[in-house]
Amino acid sequence: MGKIIISENVSLDGVVQDPTGEEGLRPGGWYLQMGDNDREPWAKLLLAEALGAEALLLGRRSDEWFATRWLSRTGEWADRLNSLPKYVVSSTLQEPKWSDSTAFKGRVLKGDVVDEVSKLKQELDGDIVVYASTQLVHTLMEHDLVDELRLTVFPVVLGAGERLFGETSEQKPMRLVHARTVGDGLAFLTYQPVRDA
């Protein structure tokens, strides 16, 4: 059975919007503020995560955004990300943009998100990693489909922007299962939901 892993870069106040400054958000570009001593350990962390992933699950806009940044890159990290099967949630997309056209694996999930992701968890074994895709994350959290949160916390408070977590109909208790410092200034936190026994 697959595990849905939410993997996000977030500010201290939970903002995930406009990390590179391309969306025009007033405090955008916060991701680019990581220190030189943070970059290499952060990249190693995400490479290890990519190597351990079975597939990626994305929203349509995230699929397009990542495609423009990763398809032209090479190297171990890029090669792994580009070759992973992609499952993209969209009612309008015909074919994911972020795919290796020579050996594309994955598909567009067009039906009810909750049903489609539940089926995907049954079909795959291993980690199904979700990057960005805030609207999708909100839906997955609301319907208790998330098995793990991996948050890389950047040491900045933005005060504005879209937060990782939206409103939920009820509390979602989580337990911290791992915490470590990455480089000099980033924190990597791993949480799992507390399920009713």
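Residues numbered from 1 in each chain as written. Predicted model: local features only at pLDDT ≥ 70, side-chain atom pairs only at ≥ 80, totals over all residues. Heavy atoms only, no water.

S.K.: Explain the sheet that holds strand E4 (residues 106-109) to me, and be specific about the residues and the numbers.
M.R.: Pairing is mixed in the open sheet, where 8 strands are placed in the order E4-E3-E2-E5-E1-E6-E8-E7. Strands at the two margins of the open sheet, each flanked by one partner only, are E4 and strand E7 (174-182). Here the strands of the sheet are splayed against their neighbours by 20° on average, with no regard to which way each runs. Its contacts with the sheet place helix H2 (residues 60-70) against strand E2 (53-59), strand E3 (86-89) and strand E5 (126-131), and it is angled at close to 115° to E2. (Pairing = 2+ DSSP bridges. Helix = DSSP H or I, 4+ residues; strand = E, 2+ residues; numbered from the N terminus. Axes fitted to C-alpha atoms, helices over the stretch in contact; angles between N-to-C directions. Contact = heavy atoms within 4.5 Å.)

S.K.: How would you sum up unusual backbone geometry? Please name residues and give values.
M.R.: The backbone of alanine 132 shows a phi angle near 55°, a positive value even though the residue is not glycine. Examined against the element boundaries, alanine 132 turns out to sit in the loop between E5 and helix H5 (134-142). Since its relative accessible area comes to 28%, alanine 132 is described here as partly exposed. A positive phi is found at serine 133, a non-glycine position, where the angle reads about 50°. Mapped onto the elements, serine 133 comes out in the loop between E5 and H5. What makes serine 133 buried here is its relative accessible area of 6%. (Buried < 20%, exposed > 50% of the residue type's maximum accessible area, 1.4 Å probe, protein only.)

S.K.: Report on the layout of surface pockets, specifying residues and quantitative values.
M.R.: Size it by volume and the largest pocket reaches roughly 1200 Å³. Residue assignment for the lining of the largest pocket shows that the elements contributing at least two residues are strand E1 (2-11), helix H1 (36-52), H2, helix H3 (76-83) and H5. Among the elements that take part in the lining of the largest pocket, H2 stands out by supplying 7 residues, more than any other. Among the residues making up the lining of the largest pocket, the classes are represented as 17 nonpolar, 13 polar and 9 charged. By volume, the second largest pocket is sized at about 200 Å³. (1 Å grid on protein atoms, 1.4 Å probe; cavity = no way out; pocket = protein on both sides within 12 Å on 5 of 7 lines; lining within 4 Å. Points joined across faces, edges and corners; volume = space filled by probe spheres on them. Nonpolar A, V, L, I, M, F, W, Y, C, P; charged D, E, K, R; others polar.)

S.K.: How would you sum up the side chain of aspartate 63? Please name residues and give values.
M.R.: Note on placement: aspartate 63 falls in helix H2. Among the polar contacts made by the side chain of aspartate 63, one reaches the main-chain amide nitrogen of tryptophan 98 at a distance of 3.0 Å. If sequence neighbours within four positions are ignored, aspartate 63 has contacts with Leu58, Val88, Leu93, Pro96, Lys97 and Trp98. (Polar contact = N/O pair within 3.5 Å; in protein donor to acceptor, adjacent residues only side chain to side chain.)

S.K.: Quick one: what's the story with the side chain of glutamate 8, residue by residue and with numbers?
M.R.: Mapping glutamate 8 onto the fold places it in strand E1. Among buried charged residues, glutamate 8 stands out as having no salt bridge; its nearest opposite-charge side chain is arginine 61, 11 Å away. With residues up to four places along the chain from it excluded, the contact list for glutamate 8 reads Val16, Val130, Tyr131, Ala132, Val137, Arg150, Leu151, Thr152 and Leu164. (Lys, Arg positive; Asp, Glu negative; His and termini not counted. Salt bridge = Lys/Arg side-chain N within 4 Å of Asp/Glu carboxyl O.)

S.K.: An account of the pattern of salt bridges is requested, with residue identities and associated values reported.
M.R.: Applying the stated criterion to the full structure yields 14 salt bridges. Between glutamate 148 and lysine 3 there is a salt bridge; the shortest N-O distance is 4.0 Å. Linking glutamate 148 in strand E6 (residues 148-154) with lysine 3 in strand E1, this pair joins segments that are 145 residues apart in sequence. Glutamate 40 serves as the salt-bridge partner of lysine 44, at 3.2 Å between the closest nitrogen and oxygen. Residue lysine 44 and its partner glutamate 40 are located together in helix H1, separated by 4 residues, close to a single helical turn. Residue lysine 44 is classed as exposed on the basis of its relative accessible area of 52%. Within this structure, Lys3, Glu49, Asp127, Glu148 and Arg150 form a network of salt bridges that share partners.

S.K.: A description of the nonpolar core should follow, citing residues and the corresponding values.
M.R.: Counting residues in each nonpolar core, the largest one holds 29 residues, and the members touching the most others are Trp42, Leu56, Trp77, Leu81, Trp98 and Phe154. Mapped by element, the contributors of at least two residues to this core are H1, E2, H2, H3, E5 and strand E8 (186-193). Among the elements that take part in this core, H1 stands out by supplying 5 residues, more than any other. Those residues in contact with phenylalanine 154 that lie beyond four places of it in its chain are Asn9, Val10, Ser11, Leu12, Trp30, Tyr31, Met34, Trp42 and Leu186. Val16, Val89, Val114 and Val117 belong to the second largest nonpolar core, which has 25 residues in total. (Core = buried A, V, L, I, M, F, W, Y, C linked by side-chain atoms within 4.5 Å.)

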